[in-house]
Amino acid sequence: MRGLHTQVSEIRKNIFVEIARIAYESDNVKEDIAAIPYNVSPDETPRFRESIYRERAVSVERTRLAMGLSLRPQNKPVHLTSGLEESTIDEVYYEPPLMQVIPSACNACEDNVYEVSNLCRNCISHQCMEICPREAISLKEGQAFIDQSKCIRCGKCKSVCPYDAIGRRVRPCSIVCGVKAIESDQFGRAVINQDKCLSCGMCMVSCPFGAIADKSQIFQLIRSMKKGGEVIAEIAPAYVGQFGDKATPEKIHAALRELGFTHVYEVALGADIGAVTEAHDYVQNVKTGKVPFLLTSCCPAWAMLAKTQFPEIIDSVSKELTPMVATARSIKKEHPNAKVVFIGPCAAKKLEAMRTSVRSDVDFVITFEELDAMFTARGIDPAAMEGGTHLHDATAAGRGYGVSGGVAGAIEKCINEYYPGTEVLIEHAEGLDECRKILMLAKAGKKNGYLIEGMGCPGGCVAGAGTLIPVASAKKEVQKIVNGSSRALPDKELRQIDLREDDE
């Protein structure tokens, strides 16, 4: 759950803070990196695992991922810092896979198993036994008992039990994966099918053992900032409220400047560009019948789901750049030699930035979680900063992109303003499972004429894997900056056709 402080979130932050401090201060990086597992677990009494050795072994792998390195192989001796020299080059991009399961951390949770609890009252009707198609349920010591060798996991027994005495155990990472990318290895540990994974990160934030982690670029980013030159931050609309109730947008801006960023832009600027362009596209292409419907482009997990699993409808995916890239290209028109850093809630943005057409525009991607660790490493409290410059890059429309429904809502408002009297049909889905269902309906011709918004995370960007506060609180904070915007809608001519995405 986002915003709930747990030992898992504590461990993740501790590792990120250690990496950030080393990047800022260390004269002996290799030695200090190797010491991280002992700094995190200094005593011989384990805090999180059954042994200190396993606890430190997990920290080794977390450290490697936090450095942007891959996990070590299970069957070869590889040192913690192996590959470190290559990773210290600030131009290094994420190498897939981004999202990885740490084998030594995985608890090998059972998946899709039905069991009878002590709530069973040995009722006379025995509905569970009668409905079971494989006769897998019998009486044993006065209670129903399920023979797992016969059970086919259909769930019929659970559905008819009057006492809710039959429970279903599901692997937490598996149940939240909307594309069924979580599988099992020979030892029952979770593994990610990278051919299916879209790097939304929902598995990572749902694992109660913290066994799934993504790679980070904070080390490379800090090293780049220390070299000097322009390093510009573009920050996603969901940032409000992420660093405390008293950390106003002005104070966060000041904190980013204190951290060393030369300029700070709102990613909502790119959202404005997208809203205008997709409003025109809907009217000119969907309403005229050139394409049956229009799929928004801002969420990379949603767009890749459509492109990879529904290639038949690829012409209906908007060619407009995501707000991250549109903002970056706008920045680089003014600052051609600058490094651009996207700061946001999304894990999937890390892989989006790897794409050949994006690399030259977005140099680094970090999440709010990683930024928070950088603040801690430098002793910066955003809430205690003197107010900085207020950001006026974007309108209410673009700032509303941070929540589910905000993208379609912004486009609809633009259409109503630019093309009065035009009927707009809207659908939106949140979570990859629901996104997949809406795409199936669209493919079947059930959504012709619609503008369809998809968000890979349930709740939208405010529910991304890199966020810090509860989703409900984040939605309220975004609404505040939407309501407080000096302009409601972007100008009709705010279109950057030359910045639009090449067909890929």
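Remember, predicted model here, so these are calculated numbers, not experimental data.

## Some thoughts on the overall build of the chain
For the chain, the count of helices and strands is 20 helices and 15 strands. What you see for the chain is a C-alpha radius of gyration of 25 Å, in line with the 23 Å of a compact globule of 504 residues. Seen through its principal axes, the chain has C-alpha atoms that stretch 75 × 65 × 40 Å. By residue count, 54% of the 504 residues in the chain fall in the buried class. In the chain, the share of contacts with a sequence separation of at least 24, taken over all contacts with a separation of at least 6, comes to 76%. Per element, the accessible surface of the chain, about 22000 Å² overall, is 50% carbon and sulfur. Here the chain contributes 60 positive and 66 negative side-chain charges, whose respective centroids are spaced 4 Å apart.

## Concerning empty space enclosed by the protein
This model, assessed by the stated rule, comprises 8 cavities of 30 Å³ or more. In this model, the largest cavity occupies a volume close to 270 Å³. What lines the largest cavity is a set of 23 residues, among which Cys298, Pro345, Cys346, Lys349 and Cys461 lie closest to the centre. Cys120, Cys123, Cys128, Ala144 and Cys161 are, among the 15 residues lining the second largest cavity, the residues nearest its centre. Grouping the amino acids of the lining of the second largest cavity by side-chain chemistry returns 11 nonpolar, 3 polar and 1 charged.

## Looking at the state of the cysteines
A full pass over the atoms with the stated rule returns 0 disulfides. Looking at cysteine 106, it has no disulfide partner, and the nearest cysteine sulfur is the one in cysteine 109, 6.1 Å off.

## Considering the confidence of the model for the chain
Across the chain, the average pLDDT comes to 92, with 96% of residues at or above 70. Helix α16 (residues 368-377) holds the highest mean pLDDT among the elements of the chain, 98, whereas helix α15 (residues 356-359) holds the lowest, 72. Here residues 497-504 is modelled with pLDDT under 50, and outside its nearest four sequence neighbours on either side it reaches 21 contacts, counting other chains as well.

## Focus: the packing of helix α10 (residues 249-259) against α16
Where α10 contacts α16, the axes come no closer than 11 Å and their chain directions differ by 65°. Handedness of the crossing formed by α10 with α16: left-handed. Where α10 abuts α16, its residues Ala255, Leu256 and Leu259 lie against Leu371, Met374 and Phe375. For the contact of α10 with α16, the residue count by class is 6 nonpolar, no polar and no charged.

## Considerations on the packing of aromatic side chains
One pass over the structure, following the stated rule, counts 2 aromatic pairs. Judged by centre distance (6.1 Å) and plane angle (85°), the rings of phenylalanine 243 and phenylalanine 368 are edge-to-face. Taken together, the residues span a long stretch of sequence, with phenylalanine 243 in the loop between β9 (231-235) and α10 and phenylalanine 368 in helix α16 at a distance of 125 residues. Residue phenylalanine 243 shares its accessibility class with phenylalanine 368, and that shared class is buried. When its relative accessible area of 10% is taken as the criterion, phenylalanine 243 is described as buried. Taken together, the ring pairs in this structure connect Phe243, Phe368 and Phe375 into an aromatic cluster. In this structure, arginine 121 packs its charged tip against the face of tyrosine 163, placed 5.7 Å from the ring centre. The ring of phenylalanine 342 carries the charged tip of lysine 349 above its face, separated from the ring centre by 5.8 Å.

Reading the values: rules and limits
Residues numbered from 1 in each chain as written. Predicted model: local features only at pLDDT ≥ 70, side-chain atom pairs only at ≥ 80, totals over all residues. Heavy atoms only, no water. Helix = DSSP H or I, 4+ residues; strand = E, 2+ residues; numbered from the N terminus. Rg over C-alpha atoms; globule rule 2.2 N^0.38 Å. Buried < 20%, exposed > 50% of the residue type's maximum accessible area, 1.4 Å probe, protein only. Contact = heavy atoms within 4.5 Å. Areas by Shrake-Rupley, 256 points an atom, 1.4 Å probe, with all protein chains shown as cover. Lys, Arg positive; Asp, Glu negative; His and termini not counted. Charge placed at Lys NZ, Arg CZ, Asp CG, Glu CD. 1 Å grid on protein atoms, 1.4 Å probe; cavity = no way out; pocket = protein on both sides within 12 Å on 5 of 7 lines; lining within 4 Å. Points joined across faces, edges and corners; volume = space filled by probe spheres on them. Nonpolar A, V, L, I, M, F, W, Y, C, P; charged D, E, K, R; others polar. Disulfide = S-S within 2.5 Å. pLDDT = per-residue confidence, 0-100. Axes fitted to C-alpha atoms, helices over the stretch in contact; angles between N-to-C directions. Left-handed = near helix turned anticlockwise from the far one by under 90°. Phe/Tyr/Trp six-rings, centres within 6.5 Å; stacked < 30°, edge-to-face > 60°. Lys NZ or Arg CZ within 6 Å of the ring centre and 35° of its normal.

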